[in-house]
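Single-letter residue listing:
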Amino acid sequence: MSAARQGALARSITALTEVGRQGGLVPDDVTREGERLAAAVAESSTGAAPAWLEAVGRAPDDFTAFFEAAQRGRRWRSAPTDQLTTLVLAGSEHAAAYAEALATVIDAAGALGSPGLAASANAASTTAVQRAAAQPHTAAPQPAGPHPAVPSAAGPLHPPHGAPTRFPTPAFDPTLPSGTNPFDLGSLVGAGGLRPPAQDVLPTVDAILDALGARTPGAPDPATHAAPSGTPGNQASGGAQNATTGDAPAEEETEAEPPRSLEELLAELDALIGLDRVKHEIRQQTELLRIEQLRTAAGLTRPTLTRHLVFLGNPGTGKTTVARLVAGIYRALGLLSKGHLVEVDRSELVAGYLGQTAVKTSEVVATAIGGVLFIDEAYGLAEDQYGAEAINTLVKDMEDHRDDLVVIVAGYPGPMAGFIATNPGLESRFSTTITFDDYSDAELRGIFERMATSADFEPLPTTLDRFEQMVSLVPRTEGFGNGRHARNVLDAAIARHAWRLKDTPEPTLDELRRLLPEDLLPADEAPESILQTTPTEDVPPADVLDEPTAADDALDLADDQPDDDQPTDATVSPQEEPA
C-alpha cells in the first residue's frame, strides 16, 4: 500500500508538470511547486517524510529536503500557488486544469504515511483553496470616484492623468470584500478582468509606493483617502504587504504599536540564550550608527557607512529573531521610519517569466521601505537568469532608498560567499558580516527548558540531563537544526507523554505537566550510554513506532543521522524561530 501511495504522488506530480508545460510554465518550477505543496500537506502525517523522499526521488535519509519543502509550501495551504496565480492572472485556459492537477497532488500527498485528522483537514482545505482560485471571477465594482482605470488596446491598465499608477499584485490578497470569492484573483486587477502583468513597462519603486500610498512615512492610511472601502483601489493599497509577505501586519496595526526604546530592544537581545558573538557585533554596530548620527547633528563630515548586513549560520540559530530586533533598533536610532521586518526568499522575488521578476522584486522592496527586508537563503537568487534579474533590481532599489531601507541576507557560509560575488554592487553594499555559531549542548538544554516551560510543561532535571546527552551525540554538520532540533525533540516528547498517560483516566496536574526521561527517547531506541533512568514500559506499541515521525528520524542516534534541520511554525520562544 505504501509503495502504491508513493507511486500515486510521483504520477500526480508528473501530470502536474505536463499541465503546467501546456500552459507555458517552466516545467522545473512546476515540479518544484508540486513537491513543496505535497510536503506541506503531508508533514503532519507519521512516516510521511520517507514516503515523500522516495516519491520525489531524493535520498532516503535527506529529511532536511522534506522539511525545507514543507516550510516553503505551507503558505499554499491557505492561498493559491505561485504558478496557479500566474495562469489565472494571465487569463490562461489551462488554469482550471492546473488547479485540478494540484488537487490530485494534494490527494496523493494526504495519503502518505499514516495520515491523521490534521493531514486530512490540510488536504481538504488546500484543495478548496486551489480550486476556488481557478473559478470564474466576479469583477469588483467600479469606484465611485472620477478616476477609474481605463484599459488600453495594448493590455496594461493606464490610469487617467493625475491618478496614481497601480499595478496588479500576483498574490493572495486577504483584504478582498467578504461578498466576493476569497480566492478570486480577478478582483486584484479591478473590473477590467484578468490580464497578464505588463512586461513592456517596468515600474519603479517610487511608482509602486505611489500606488500603495506609502511614499510619506507616517502619512494617514491611504485606504481611507484613495478609494471607498471595498473598491479595487482600496484593495491594492491595503493588501500588497500582506499578500507579498504572508504574515506582515497591516499598516494601521504597525503604526498603532508604540515604538520600543533602544534599551528595551538591547535587553531582549541580551536575554537570548547563547549568541555571544552576535550580541557583541550588534551592539558594536549600534554604537557605530549612534555616533554617526551625533557627528552629523554636530555638523561634522558624515562617513559613508553601509547598514546592510550578512547573516551566516545554520538553521535555527536565531537569525530571524535578531533581524527583527535589528529592525527595531534601527528605528529607535531614527535610521528607519517604521522598523518592521519583511521576510522573503527566492519564491517571493522571482516570477515565472523574464521581465516579470523586476516588477515582483520592486513590489516586495516597496513593502519593506521604512524597515528591514530579510532575504533567507539568498544564494538561491544566484541560480539562473531569473535570480540575476532580481539581484540587479535589488541593487538598484537599495541605492534608491538607502536612507530608509536596510537589507539583510542570510544563509550558509559557503553558498553566501558565492552569492555576494555574483554582483559587484552586492560586495560594496554588504560589508558587515555576522556569524551565528551553533549552540552548545548546555545552550540547547536551556532552549529546550525554556520552550517546555513556555508550553506549561515541566521537564525534570533527569529529563534535561538526558536531552543534553542526546544532543551531544548529534554531529554539528552544516544543516544542524539547533533551536529547531530542540523544538522537534520537544514535540516528540509531548506526543510520547500523551501516550504514556493513555491508561490514566484522570491524571493529576503534576502528571499532565511533567516530562520524564523516557518521554524524550524510549528505552528501545536509546543507546545505553544515555540511559540513566529506568524507563517505564508504557510506551506506544511497535506498530505505532514502526512509522517514525520526522523528529524520530532526525534523532535516530543509533544510525548516527545528522540531518535534523526540521523547520516548524512554533512561536513558543523567539530562540527557535527559523533562520
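Computed from a predicted structure; not experimentally measured.

Thresholds, definitions, all that
Residues numbered from 1 in each chain as written. Predicted model: local features only at pLDDT ≥ 70, side-chain atom pairs only at ≥ 80, totals over all residues. Heavy atoms only, no water. Buried < 20%, exposed > 50% of the residue type's maximum accessible area, 1.4 Å probe, protein only. Helix = DSSP H or I, 4+ residues; strand = E, 2+ residues; numbered from the N terminus. Arc of directions from axis to C-beta. Contact = heavy atoms within 4.5 Å. Core = buried A, V, L, I, M, F, W, Y, C linked by side-chain atoms within 4.5 Å. Pairing = 2+ DSSP bridges. Salt bridge = Lys/Arg side-chain N within 4 Å of Asp/Glu carboxyl O. Axes fitted to C-alpha atoms, helices over the stretch in contact; angles between N-to-C directions. Parallel < 35°, antiparallel > 145°, perpendicular 65-115°, else oblique. Nonpolar A, V, L, I, M, F, W, Y, C, P; charged D, E, K, R; others polar. Left-handed = near helix turned anticlockwise from the far one by under 90°.

Colleague: Even after reading the chapter, I still don't get helix 11 (residues 262-271), so can you show me in this structure?
Modeller: Given 3.6 residues per helical turn, the α-helix brings residues three or four places apart onto the same face. Where helix 11 is concerned, the buried positions are Leu262, Leu265, Leu266 and Leu269. Summarising the axial view, the buried residues of helix 11 lie within an arc of 95°, below the 170-degree limit, and thus occupy one face. Contact partners of the buried residues in helix 11: helix 12 (276-297) and helix 13 (319-332).

Colleague: So what exactly am I meant to see when it comes to the nonpolar core here?
Modeller: It is characteristic of soluble globular proteins that their nonpolar side chains tend to be buried jointly. Judged by nonpolar contacts, the single largest core of 50 residues is most densely connected at Phe311, Val322, Tyr330 and Ile408. If you tally residues by element for this core, the top one is helix 13, at seven residues.

Colleague: What should I look at first to understand the pairing of strand 3 (residues 309-313) in this one?
Modeller: For a regular strand, the rule is simple: side chains alternate between the two faces of the sheet. Most of strand 3 is tucked away: five of the five residues are buried. Because side chains alternate across strand 3, one face comprises the buried residues Leu309, Phe311 and Gly313, and the other comprises Val310 and Leu312, equally buried. In this sheet, strand 6 (residues 406-411) lies alongside strand 3 in parallel orientation, the contact comprising four bridges. Counted as the bridge partner of leucine 309 is isoleucine 408 from strand 6. Pairing analysis gives five bridges linking strand 3 to strand 7 (residues 432-436), with the strands arranged parallel. Bridge assignment links leucine 312 to a residue of strand 7, and that residue is threonine 435.

Colleague: Got a minute to help me understand the pattern of salt bridges in this structure?
Modeller: In total, this model carries 26 salt bridges according to the counting rule given. When the shortest N-O distance is used, the salt bridge between arginine 32 and aspartate 29 registers 2.7 Å. Taken together, the residues span about one helical turn, with arginine 32 and aspartate 29 both in helix 2 (residues 27-42) at a distance of three residues. Among the residues examined, arginine 32 registers a relative accessible area of 33% and is labelled partly exposed. When the shortest N-O distance is used, the salt bridge between arginine 514 and aspartate 510 registers 3.7 Å. The structure contains a network of salt bridges with shared partners spanning Glu43, Arg74 and Arg77.

Colleague: Can you walk me through the packing of helix 2 against helix 4 (residues 63-73) in this structure?
Modeller: The description of two packed helices rests on the angle between their axes and on the distance between the axes. In the contact formed by helix 2 and helix 4, the axes pass within 7 Å of each other and the chain directions differ by 95°. Here helix 2 lies roughly perpendicular to helix 4, going by the angle between them. For the pair helix 2 and helix 4, the contacting residues are Glu35, Arg36, Ala39, Ala40 and Ala42 in the first and Phe66, Ala69, Ala70, Arg72 and Gly73 in the second. Partitioned by chemical class, the residues of the contact of helix 2 with helix 4 number six nonpolar, one polar and three charged.

Colleague: Would you explain unusual backbone geometry in this entry?
Modeller: When glycine is set aside, most residues are seen to have a negative phi, and most peptide bonds are trans. Backbone geometry at aspartate 456 places phi at a positive 65°, although glycine is not the residue there. On the secondary structure map, aspartate 456 appears in the loop between helix 19 (441-454) and strand 8 (458-459). Relative accessible area serves as the criterion here: at 56%, aspartate 456 is assigned to the exposed category. Unlike most non-glycine residues, asparagine 482 shows phi in positive territory, near 55°. Mapped onto the elements of the fold, asparagine 482 is located in the loop between helix 20 (461-472) and helix 21 (483-500). Overall, asparagine 482 belongs to the buried group, its relative accessible area being 0%.

Colleague: When you look at the packing of helix 2 against helix 6 (residues 95-110) in this model, what are you seeing that I'm missing?
Modeller: It is at 8 Å that the axes of helix 2 and helix 6 come closest, and there the two elements cross at 40°. In this view, helix 2 runs oblique relative to helix 6, as classed from their interaxial angle. With respect to the hand of their crossing, helix 2 and helix 6 are arranged in right-handed fashion. Counting all contacts with helix 2, which are made through Val30, Glu33, Gly34, Leu37, Ala38, Val41 and Ala42, the residues of helix 6 involved are Tyr98, Leu102, Val105, Ile106, Ala109 and Gly110.

Colleague: I tried to follow the sheet that holds strand 5 (residues 372-376) on my own but got confused; where do I start?
Modeller: The strands making up a sheet are joined through hydrogen bonds of the backbone, oriented either antiparallel or parallel. Strand order in the open sheet formed by five strands is 4-5-6-3-7, with parallel pairing between adjacent strands. Each of the sheet's edge strands pairs with one partner strand only, and the pair in question is strand 4 (341-344) and strand 7. Here the strands of the sheet are splayed against their neighbours by 20° on average, with no regard to which way each runs. Against the sheet, helix 12 makes contact with strand 3 and strand 7, and its axis sits at roughly 155° relative to strand 7, the strand it touches most. Along the sheet, helix 15 (residues 356-368) contacts strand 4 and strand 5; its crossing angle with strand 5, the most-contacted strand, is approximately 130°.

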